[in-house]
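Chain and residue survey
As a plain string of letters, each chain reads:
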There are 2 protein chains.
Amino acid sequence: MLLVLTPGEALGLIKEKFHPLKRREQVSLAHAVGRVLAEDITASEYVPGFDRSTVDGYALRAEDCFGCSESIPALLSLSRSVAMGEDAGAPLETDCCVYVPTGAALPSGANAVAMVEYCEDFGDNTIGITKSVAPGENLIFKGDDVYPGKVVLPAGRMLSAKDIGSLAAMGKTNVSVITKPLVGIISTGDELVPADETPSEGQVRDINSLMLAALIEQFGGKAKLYGIVRDEEAILEEVLEKALGECDCALISGGSSVGTKDATGRIIERRGELLFHGIAMKPGKPTILGVSGGKPIFGLPGHPGAAWFVSQIFVRAAMDALFGRESRPLTLRAILTESVSANHGRAQYGGASLALRDGIWYATPIRSKSGLISSLCSADGFFCIPRDSEGCAAGDEIELILYNTYQEV
Amino acid sequence: MLLVLTPGEALGLIKEKFHPLKRREQVSLAHAVGRVLAEDITASEYVPGFDRSTVDGYALRAEDCFGCSESIPALLSLSRSVAMGEDAGAPLETDCCVYVPTGAALPSGANAVAMVEYCEDFGDNTIGITKSVAPGENLIFKGDDVYPGKVVLPAGRMLSAKDIGSLAAMGKTNVSVITKPLVGIISTGDELVPADETPSEGQVRDINSLMLAALIEQFGGKAKLYGIVRDEEAILEEVLEKALGECDCALISGGSSVGTKDATGRIIERRGELLFHGIAMKPGKPTILGVSGGKPIFGLPGHPGAAWFVSQIFVRAAMDALFGRESRPLTLRAILTESVSANHGRAQYGGASLALRDGIWYATPIRSKSGLISSLCSADGFFCIPRDSEGCAAGDEIELILYNTYQEV
């Protein structure tokens, strides 16, 4: 049985099979950035709660100064001033104006503000307006920002700094967020030693555990490491069972040998459902996905470059599903500086670094083998050479998919 | 005295006047994502530490099978297998091959690996190679990833997940990072009440404190809130003095009235140097920057939309200087869906939301007054209408500067 899907089919299946987690918690705004909303945020009041000046000037009825000019100013009586933070007081009297600093409340009846720059104080409480204003000019109306019932932020939203500002404006200083999905990370391979040990000849350090944990954190989740597991089906099954008992998702990386891949597939089939057993892309072909009790189980390539790349796309998509959010990476067009060949019969992805010259982005492909990780550090994103193409030439315009840059849709 | 700079001049001055902080700390890789390196990371060993196969196959001398084919396979003696994680053992004997799984070490003398798919086991320890391989094919050489002395990551680098992978590969499980700059945040304005209180008529909630704190966190710093300060010069000076004593940078937002702006300028002049007193842009004109004991002091607009926008550009740049990093926002080209007018005599910036249709990005301008914050939530970035332009028309291609998306340069 060999279920090899296209990248698009794999993403569709992830979206279909996994659903938002139900666990939620309350957090204060001071700790809410990067957290994901568990429910829609609906305004329960007007922001601002009153008509508010956006300039220093005189609140008035626009109609009272239509047609005025420097030579024939409209003359209004200054009845009083409104100070910052004060109630605007009584309604505006006929043929009168009220001084308001920027941000102050307008008295009812006023529908515009004339900027001080276009007013003249004649003394004796008479103000000359030398430039007419339209109704609504130089003010923010009550509820211009939000009004009761408006859905300001949707469930599934990962909160950014401006969202925090918006929540503060509404007085929502505690919000309900989805508890961070806990992701269990297992590295397999007899050649692996922990990253803080010195490998002997033939051994390499376990890169994926720490790297995938950092990625999960960037996606908004929380990682739990289960260490390095030897290439033995029974041991792997035991560790995976423990991880599935404690976590919302499990990532098994490594086992690049055919035997271990098969073992991962067999274990998934025993505990749940194997969704696919390969993706028609390079790197990333030996990627497995299964589900057990609604929890995603990924079998990721052991090569760190490939594991990282696949996680950017598919593990991110699974996290989106667990959060109930939809996101897509941002892309930009860039000119390729070197040619890249491809003829593997599957979509080929490669990293590239960006440089800006005369307002145009140039992308230089990263020449890297999938076992390498350091060379990827300089990549700003990746691009795809389609399956039916023999490659891209220097000077071609490519669409670069940016790393760690997602738009919620 | 009125020092109004262009945005470019202001950025240049920030880069010139502020320098990297000296305080540093050691963190383990598990807590290093988003932290900023205090020193260059130089490799002290080879990664990988040995020549390594990238396929399941037979390690051999490429020269021994040049010219072979399916009909005339090259015949080699299988001397042994190398298991994962094992030392490769003795050098490769003449006319021999050694079985290696993906990731295993190659014996010295071997310079290529023939994939099992192109080999035939004739039994009797004879392997037929049916497709020649070039020297270096299907393997990673010792040090291909990094070698002693190579600077893998520079000081000032904000660590991403792939950087964590690279550090793990080198066994650098503890790294020296710059202690997070502590940024003191002060909100001024008699109209402000804390975000968790209900404002009376004429009052509004303090949005900037929490929003700026979230932004500082996104930039890699740590925020300390000094609350709301009344519009009084003596009180403001006292609070600012406290903040400068405890923090590496201070942000004063609000004081949109002319009097308070002047007060902020006077206080800065008494305690240090006023660098500029305005930026020729909209929004953001009433932005002040000073320096005291090497610490940046910003006077930001009180309008949350404007404060947020200015912080994205100029506070971010000051944080870059304190970290000793250089970064620039990523940009992409998009088609404007609606026309936007401008004729303010200064560069005008506006937010826009992106939509992807048929592979082309379309940007819809956000119609927002600078006092509003919620409408900005849907913005993916912002664009600039230059000073000498009357606006942009629907269908124009604009360059959208993406939010929270920086390239380190």
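Now for a description of the structure that goes with this document. Remember, it's a predicted structure, so these values are computed and weren't measured experimentally.

Attention now goes to the overall build of chain A. A count of helices and strands for chain A gives six helices and 28 strands. Dimensions of chain A, computed from the C-alpha atoms along their principal axes, are close to 95 × 50 × 40 Å. When the 409 residues of chain A are sorted by exposure, 56% land in the buried category. Intrachain contacts of chain A at a sequence separation of at least 6 include 72% that bridge at least 24 residues. Taken as a whole, chain A presents about 16,100 Å² of accessible surface, with 49% of it coming from carbon and sulfur. The average position of the 37 basic charges and that of the 52 acidic charges among the side chains of chain A differ by 8 Å.

For the pair helix α2 (residues 161-169) of chain A and helix α3 (residues 208-218) of chain B, interaxial distance at closest approach is 8 Å and the crossing angle is 165°. As far as their axial angle goes, α3 of chain B and α2 of chain A are roughly antiparallel. Crossing of α2 of chain A over α3 of chain B shows right-handed handedness. Every residue of α3 of chain B that contacts α2 of chain A at A161, I164, G165 and A168 of chain A is listed here: L210, M211, A214, L215 and Q218 of chain B. Residues that form the contact of α2 of chain A with α3 of chain B fall into these classes: seven nonpolar, two polar and no charged.

Once that is clear, we can look at the sheet that holds strand β9 (residues 126-129) of chain A. Residue and element names in this part refer to chain A. An order of β7-β4-β6-β5-β9-β8 is seen for the six strands of this open sheet, with the pairing classed as mixed. Of all strands in the sheet, those bounded by a partner on one side alone are β7 (112-115) and β8 (119-121). Across the sheet, the mean angle separating the axes of adjacent strands is 40° when strand polarity is ignored. Pairing geometry for β8 and β9, over three bridges, is antiparallel. The residue of β9 that forms the bridge with E120 is G128.

The interface of chain A with chain B comprises 83 residues on the first partner and 83 residues on the second. A combined buried area of about 6,900 Å² lies between chain A and chain B, and 58% of that area is made up of carbon and sulfur atoms. Considering only the side of chain A, the residues that lose the most area to chain B are K162, E201 and C377 of chain A, jointly responsible for 10% of the buried surface there. The interface formed by chain A and chain B contains four salt bridges. Two residues, R52 of chain A and E191 of chain B, come together in a salt bridge whose shortest N-O distance is 3.6 Å. For the pair chain A and chain B, the number of links is 28 residue pairs in polar contact (both at pLDDT 80 or more). Contributing elements (two or more residues each) for the side of chain A that touches chain B: β10 (139-140), β11 (151-153), α2, β15 (204-205), α3 (208-218), β22 (327-336), β24 (347-357) and β28 (397-408) of chain A. Considering each element in turn, the side of chain A that touches chain B owes the most residues, eight residues, to α2 of chain A.

Let us look at the environment of S79 of chain A. All names here are of chain A. Position of S79 relative to the elements: it lies in strand β5 (residues 74-81). In the structure, S79 is positioned 14 residues away from E93 in sequence and 8.0 Å away in space, judged by C-alpha atoms. With sequence-adjacent residues up to four places away left out, S79 is seen in contact with E93, C96, C97 and V98.

Applying the stated criterion across every chain yields a total of twelve aromatic pairs over all chains. Measuring from centroid to centroid gives 6.0 Å for Y349 of chain A and F382 of chain A, while their planes differ by 65°, and the two rings are edge-to-face. Of the two residues, Y349 of chain A is situated in strand β24 and F382 of chain A in strand β26 (residues 381-385); the sequence distance between them amounts to 33 residues. Its relative accessible area of 4% is what places F382 of chain A among the buried residues. Ring geometry for F309 of chain B and Y349 of chain B: centres 5.2 Å apart, planes at 50°, overall tilted. On the criterion of sequence distance, the pair formed by F309 of chain B in helix α6 (residues 304-323) and Y349 of chain B in strand β24 (residues 347-357) is long-range, its members being 40 residues apart. Across the pair, exposure class does not vary: F309 of chain B and Y349 of chain B are buried alike. Of the aromatic side chains, those joined through ring pairs into one cluster are W308, F309, Y349, F382 and Y403 of chain A. Positioned above the aromatic ring of Y362 of chain A is the side chain of R357 of chain A, whose terminal nitrogen or guanidinium carbon lies 4.2 Å from the ring centre.

Let us look at the relation of the copies chain A and chain B. For the match of chain A to chain B, the screw axis carries a shift of 0.0 Å, the RMSD comes to 0.0 Å, and the turn is 180°. Here the copies are linked by what is in effect a two-fold axis. In terms of proximity to the rotation axis, the leading residue of chain A is L332 of chain A, whose C-alpha is 2.7 Å off the axis. A share of 100% of the interface residues of chain A reappears at the interface of chain B, consistent with the copies meeting face to face through the same patch.

Along the chain, K282 of chain A connects to P283 of chain A via a cis peptide bond; the corresponding omega equals -5°. Positionally, P283 of chain A belongs in the loop between β19 (281-282) and β20 (288-292). The backbone phi angle of N138 of chain A is positive, close to 65°, even though this residue is not glycine. Look at D124 of chain B: it is not a glycine, yet its phi comes out positive at around 55°.

On to the packing of α3 of chain B against α6 of chain B, then. What describes two packed helices is the angle between their axes and the distance between those same axes. All names here are of chain B. With their axes 10 Å apart at the nearest point, α3 and α6 run at an angle of 30° to one another. When the interaxial angle is binned, α3 and α6 end up roughly parallel. Two packed elements cross with a definite hand, and for α3 against α6 that hand is right-handed. Contacts between α3 and α6 involve N208, M211, L212, L215 and I216 from the former and P304, A307, W308, S311, Q312, V315 and M319 from the latter. Classifying every residue of the contact of α3 with α6 by side-chain character gives nine nonpolar, three polar and no charged.

On to the nonpolar core, then. Membership of the largest hydrophobic core comes to 75 residues, with the highest contact counts inside it found for V175 of chain A together with L251, F298 and F314 of chain B. If you tally residues by element for this core, the top one is α6 of chain B, at 13 residues. Listed in part, the 74 residues of the second largest apolar core include A38, A213 and C249 of chain A together with A169 of chain B.

What follows deals with the sheet that holds strand β21 (residues 295-300) of chain B. Residue and element names in this part refer to chain B. Strand order in the open sheet made by the six strands is β16-β13-β17-β21-β20-β18, with mixed pairing throughout. Every other strand in the sheet has two partners, leaving β16 (222-229) and β18 (273-276) as the edge strands with one partner each. Here the average twist between neighbouring strands, direction ignored, is 20°. Its contacts with the sheet place α3 against β13 (182-188), β16, β17 (249-254) and β21, and it is angled at close to 160° to β13.

This part covers helix α4 (residues 233-246) of chain B. The terminal C-alpha atoms of α4 of chain B, which comprises 14 residues, lie 20 Å apart, in line with the 20 Å expected from a rise of 1.5 Å per residue. Those residues of α4 of chain B that sit buried are L236, E237, V239, L240, A243 and L244 of chain B.

According to the stated counting rule, one finds 40 salt bridges over all chains in the structure shown. The salt bridge partner of R35 of chain A is E25 of chain A, with a shortest N-O separation of 3.2 Å. Of this pair, R35 of chain A sits in the loop between β1 (24-28) and β2 (41-42) while E25 of chain A sits in strand β1; the two residues are ten residues apart in sequence, bridging distant segments of the chain. Judged by its relative accessible area of 31%, E25 of chain A is partly exposed. One salt bridge in this structure joins R205 of chain B and E45 of chain A, with 3.1 Å as the shortest N-O distance. Here E45 of chain A lies in the loop between β2 and β3 (52-53) and R205 of chain B lies in strand β15 (residues 204-205), a pairing that spans two chains. On the basis of relative accessible area, R205 of chain B is assigned to the buried category, the value being 8%. Taking the relative accessible area as the measure of exposure, E45 of chain A reaches 25% and is therefore partly exposed.

Analysis parameters
- Residues numbered from 1 in each chain as written.
- Chains lettered and ligands numbered in written order.
- Predicted model: local features only at pLDDT ≥ 70, side-chain atom pairs only at ≥ 80, totals over all residues.
- Heavy atoms only, no water.
- Helix = DSSP H or I, 4+ residues; strand = E, 2+ residues; numbered from the N terminus.
- Buried < 20%, exposed > 50% of the residue type's maximum accessible area, 1.4 Å probe, protein only.
- Contact = heavy atoms within 4.5 Å.
- Areas by Shrake-Rupley, 256 points an atom, 1.4 Å probe, with all protein chains shown as cover.
- Lys, Arg positive; Asp, Glu negative; His and termini not counted.
- Charge placed at Lys NZ, Arg CZ, Asp CG, Glu CD.
- Axes fitted to C-alpha atoms, helices over the stretch in contact; angles between N-to-C directions.
- Parallel < 35°, antiparallel > 145°, perpendicular 65-115°, else oblique.
- Left-handed = near helix turned anticlockwise from the far one by under 90°.
- Nonpolar A, V, L, I, M, F, W, Y, C, P; charged D, E, K, R; others polar.
- Pairing = 2+ DSSP bridges.
- Buried area = accessible area lost by both parts, 1.4 Å probe.
- Salt bridge = Lys/Arg side-chain N within 4 Å of Asp/Glu carboxyl O.
- Polar contact = N/O pair within 3.5 Å; in protein donor to acceptor, adjacent residues only side chain to side chain.
- Phe/Tyr/Trp six-rings, centres within 6.5 Å; stacked < 30°, edge-to-face > 60°.
- Lys NZ or Arg CZ within 6 Å of the ring centre and 35° of its normal.
- Least-squares fit on C-alpha atoms with pLDDT ≥ 70 in both.
- Core = buried A, V, L, I, M, F, W, Y, C linked by side-chain atoms within 4.5 Å.
- Expected span 1.5 Å × (residues − 1).

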